[in-house]
Amino acid sequence: MGVWWGPVVRVLVLQAAWALGGGQVRYSVPEEARAGTVVGRLAQDLGLEAGEPEARRLRLVAQGRRASVEVSGASGALVVSSRLDREELCGKSAPCALRLEVLVERPLRVFHVELEVTDINDNAPLFPAARKNLSIAESSLPGSRFPLEGASDADIGANAQLSYTLSPSEHFTLDVKSSDENRKSLFLVLTKSLDRETMPVHRLVLTASDGGRPSLSGTVELVISVLDANDNAPQFNQSVYKVQLPESAAEKTLVVRVNATDPDEGLNMDFSYSIISSVPIRKRDLFTIDPKTGEVRLTGALDFEDARLHELQIEARDKGTPPLSGHCSVELEVVDVNDNAPEVWVTSLSVPVAEDASVGTVVALLSVSDRDSGANGRVRCAVWPAGPFGLVATFAGSYSLVLREALDRERVSEYEVEVRAEDGGAPPLRASRGVRVPVSDVNDNAPAFAQAVYTVLARENNAAGAELARLWARDPDEAGNGRVSYSVAEGGVGGASAGGGWRSASSYVSVDAESGRLWALQPLDYEELQVLQFEVRAVDAGEPPLCGNATVQLFVVDENDNAPALLPPAGGGPGPGASGEAAWVPGAGPGAGAWWAWAAWGAPAGQVVAKIRAVDADSGYNAWLRYELWEPRGKGPFRVGLYSGEVSTARALEEADGPRQRLVIVVRDHGEPARSATATLSVSLVEGGEAALAAAGSSSGSGSGLRASSGAEGGASSSSRNVWLVVAICAVSSLFLLAVVLYGASRWAPRAAVLSGPGPATLVCASEVGSWSYSQRQSRSLCVADGAGKSDLMVFSPNFPPPPGAAAKETQPEPPALLDTVSGPPFLASRPFPLPALPARPLGSRWWESGSAAGACGCWVVDLRFWPEK
């Protein structure tokens, strides 16, 4: 147990000493220690385990001077790396302490080590010269004192405590006086009068010994020449002059004025001043003295940090024979001024700093010092600009630059931090050190589109590969975190607009992954696709990747790429048409067709004989149709409703108009350029009775009042049969004479004739300028023929009031079959025989008539139809 308790106790004692010492380790090493000498177990004293010094990179950080020590990487011991000379490092300063900073990483910590270099007695006392010549008048009285220049020792403490001894002499002794513990004044004292004739020269040895163990010594030979005659030496009024000057004193500043007197006369009283020695010796040239006035002035600049005290030995020598001299000393104390600015060093720098670094992260370690003393050497530090970094004092003169606010690289990518130091002098001096702190990027920003929804207009029939739009998403991150790639995320179109099934947006469009350009993969067809909505996704290359979405609404703009298509009559195919409609024979394509119709001679102007139907697959103006009579030109017997397609008589028909009229009708849309279809209508002009028979025959046979004729023979045969049929109907119709009378009474009332056949009928606007146009932007539809439907109804109002009930019909749901409404009862004008008065037309009735030379008859055939409620 004792074996294990020993290290534990040492660790506890070390930790207690560490706490009491404020976190500072102190070592002591004698100067001139050999390289490799172990100063202390630094790693162990810092509490590091074995192997940690090398793993955590335990190392020293120098502070402007050569430390001469280093840390052993393997053992973590502090060892001497080069020659330690206390006198070179600290001069006469005592104690000689070196402040070292020790860094360890993971985590980064700094420790402060104070290394005291102790003095050894390695310097012997040294006199200014190996030989000193003195001249002493033989008339000098016993007790006369002659100053001697002492030796200097570069060591300190006891090693610099000097003692002096003089070789035995019956005429001279040595008097040593201590002005303070560091300075001693030497005087050669005459104890017995001199006799030049007996001994003109005295040779003595002055020895200086220091207090070291072992003691070292130095000697100087004193050569004393005995002079005759002049027996009075100049005398100073003070033996010691004490002066204070600031270190900022300018050159030629007066230091002191010394004064000496000589009671002799003549040349023996004429003397001059000189500086015979100075301490420190190397600063002797810093002063000069006027030989006549005794004024001591500066010849250079004082430096408190280099030497705080100067001692000058002044001699006044007369011109007697032999010359005599008097001596005094001048002690100059240098007063410190604030002439040294602080110094800032960056000892460690950890950059770049991640923008998500936590508050308190150490960015750099700094060391601050000032060579001045007192308040002039006290330094205050601050960071400019203030945020987001701050300084934390870790030890005297040591600071850590730490993070105090969260960083954002997208706002500031790099900081130029200036550490400013200011001392406490008056005026204060300042210094600064710039630290560049770049911020490294993390992927904290998702790509963002400039718009949440993009509306794109594209003309149909565009070329495959055409550029539709350019999308752009901004990501403020850098490098891969800000590199954006684009893709079509989702969206599509389904139902009838896509051919009955779902089609994804990627089958229509594609987006370039790098540039964000939106391309069309195929030509767009407005009739197939009107609106395509999909999402485009922008993804960055960060880790993890971030993304942003934008919705694209692609509207296909209609082009006039479809010509009007002629529709068959309401009967549903080739064959006879209903009354007021032409029979249709299909042509070579949707833009052409042949139509047949009958008209009675004598029919009044405005009588509708046929109606041309057409539809355009486009929308809007591209589907708004107008009908034009192309042939015959000029004033013909027929005209065409511009927007209704109704072919009506332009005037009363006459026999001079011939048996048949061929009309060429062009159907045009309003697109740019306009597209058209051509319909050829053949109108057969017959007697009124034949026209009625044709209508009756068509009604019983095929459900149509008009039909297409394939030849003259077929038409004559059909007319003969219809005549007998009409005669039989007229005989039965005599029962309805009362109805005929009522009709004659109401014939002048405004009304709209209703004709209906057995086939499906279509609602047609009764005005020539009223027509239906269609667009595919609405959901409701209007049936204009079998199987033909268009949405988005556009109504053009007629020029005259609609027939009663028309408005109500338009608001009701579309019935299975609608009544054809025309502007008047057919075949009622210009009859060749008188027609009995007819009753008013019942609602939903059809008028049948027939006439011949024998007579005429007419009847109302009433159809009852039920309409669904809205």
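Scroll up to find the structure this text is about.
So, here's what we can say about the structure. (Residues numbered from 1 in each chain as written. Predicted model: local features only at pLDDT ≥ 70, side-chain atom pairs only at ≥ 80, totals over all residues. Heavy atoms only, no water.)

**Re the pattern of salt bridges**
In step 1: Applying the stated criterion to the full structure yields 23 salt bridges.
In step 2: The salt bridge involving Arg145 is made with Asp175; its shortest N-O contact spans 2.6 Å. Within this pair, whereas Arg145 is found in strand β9 (residues 145-148), its partner Asp175 is found in strand β11 (residues 172-178), the two being separated by 30 residues in sequence.
In step 3: Judged by relative accessible area, Arg145 falls into the partly exposed class, the value being 35%.
In step 4: Asp175 gets classed as partly exposed once you look at its relative accessible area, which sits at 21%.
In step 5: Between Asp441 and Arg409 there is a salt bridge whose closest N-O contact spans 3.0 Å. Highlighted residues: Asp441 in the loop between β31 (430-440) and β32 (448-449) and Arg409 in the loop between β29 (398-403) and β30 (414-423), separated in sequence by 32 residues. (Salt bridge = Lys/Arg side-chain N within 4 Å of Asp/Glu carboxyl O. Helix = DSSP H or I, 4+ residues; strand = E, 2+ residues; numbered from the N terminus. Buried < 20%, exposed > 50% of the residue type's maximum accessible area, 1.4 Å probe, protein only.)

**Considering the sheet that holds strand β25 (residues 353-354)**
In step 1: Reading across from one edge, β25-β31-β30-β27 is the order of the four strands in this open sheet, with mixed pairing throughout. The sheet terminates laterally at β25 and β27 (379-384), the two strands that pair on one side only.
In step 2: Across two bridges, the pairing between β25 and β31 is parallel. Each bridged residue has a counterpart across the sheet, and for Ala354 the counterpart in β31 is Ser440. (Pairing = 2+ DSSP bridges.)

**Thoughts on the packing of aromatic side chains**
Remark: the centre distance and the inter-plane angle together describe each pair of aromatic rings, the angle taken between the planes.
In step 1: Inspection of the entire model under this criterion finds eight aromatic pairs.
In step 2: On the numbers, 6.3 Å between centres and 65 degrees between planes, the contact of Phe127 with Tyr164 is edge-to-face. Residue Phe127 is located in the loop between β7 (109-118) and β8 (131-137), and its partner Tyr164 is located in strand β10 (residues 163-166); the two are separated by 37 residues in the primary sequence. Just as Phe127 is buried, Tyr164 falls in that class too.
In step 3: Geometrically, the ring pair formed by Phe449 and Tyr454 is edge-to-face, given 6.2 Å between the ring centres and 80 degrees between the ring planes. (Phe/Tyr/Trp six-rings, centres within 6.5 Å; stacked < 30°, edge-to-face > 60°.)

**Quick look at the sheet that holds strand β28 (residues 389-395)**
In step 1: Spatially, the four strands line up as an open sheet ordered β24-β26-β29-β28, and their pairing is antiparallel. The outermost strands of the open sheet, each flanked by one partner alone, are β24 (343-349) and β28. Going from strand to strand, the sheet's axes swing by 30 degrees on average, the running direction of each strand aside.
In step 2: Bridging between β24 and strand β26 (residues 362-369) involves six bridges; their strand directions are antiparallel. Paired with Ser348 across the two strands is Leu365, which belongs to β26. (Axes fitted to C-alpha atoms, helices over the stretch in contact; angles between N-to-C directions.)

**Concerning unusual backbone geometry**
In step 1: In this structure, Pro280 follows Val279 across a cis peptide bond, with omega equal to 0 degrees.
In step 2: Note on placement: Pro280 falls in the loop between β19 (271-279) and β20 (287-289).
In step 3: Cis geometry marks the peptide bond from Val351 to Pro352; its omega dihedral reads -5 degrees.
In step 4: Structurally, Pro352 can be placed in the loop between β24 and β25.
In step 5: A positive phi angle, near 70 degrees, is found at Lys252, a position not held by glycine.
In step 6: Considering the arrangement of structural elements, one finds Lys252 in the loop between β16 (240-246) and β17 (254-257).
In step 7: Residue Lys252 is classed as exposed on the basis of its relative accessible area of 62%.
In step 8: The residue Ala479 is not glycine, and still its phi comes out positive at about 55 degrees.
In step 9: Looking at the element boundaries, Ala479 is found in the loop between β35 (473-474) and β36 (484-493).

**Details of the side chain of Ser684**
In step 1: Tracing the sequence through the fold places Ser684 in strand β51 (residues 676-686).
In step 2: Classification of Ser684 by relative accessible area gives buried; the value is 10%.
In step 3: Excluding its chain neighbours within four sequence positions, the residues that come into contact with Ser684 are Ala597, Trp598, Ala599, Pro659 and Arg660. (Contact = heavy atoms within 4.5 Å.)

**Considering the environment of Arg404**
In step 1: Its location among the elements puts Arg404 in the loop between β29 and β30.
In step 2: Linking Arg404 and Pro388, residues 16 residues apart in sequence, is a C-alpha distance of 5.4 Å.
In step 3: Residues within four places of Arg404 in sequence aside, it is in contact with Val359, Pro388, Phe389, Gly390, Leu391 and Val392.
In step 4: A polar side-chain atom of Arg404 sits 3.1 Å from the main-chain carbonyl oxygen of Leu391. (Polar contact = N/O pair within 3.5 Å; in protein donor to acceptor, adjacent residues only side chain to side chain.)

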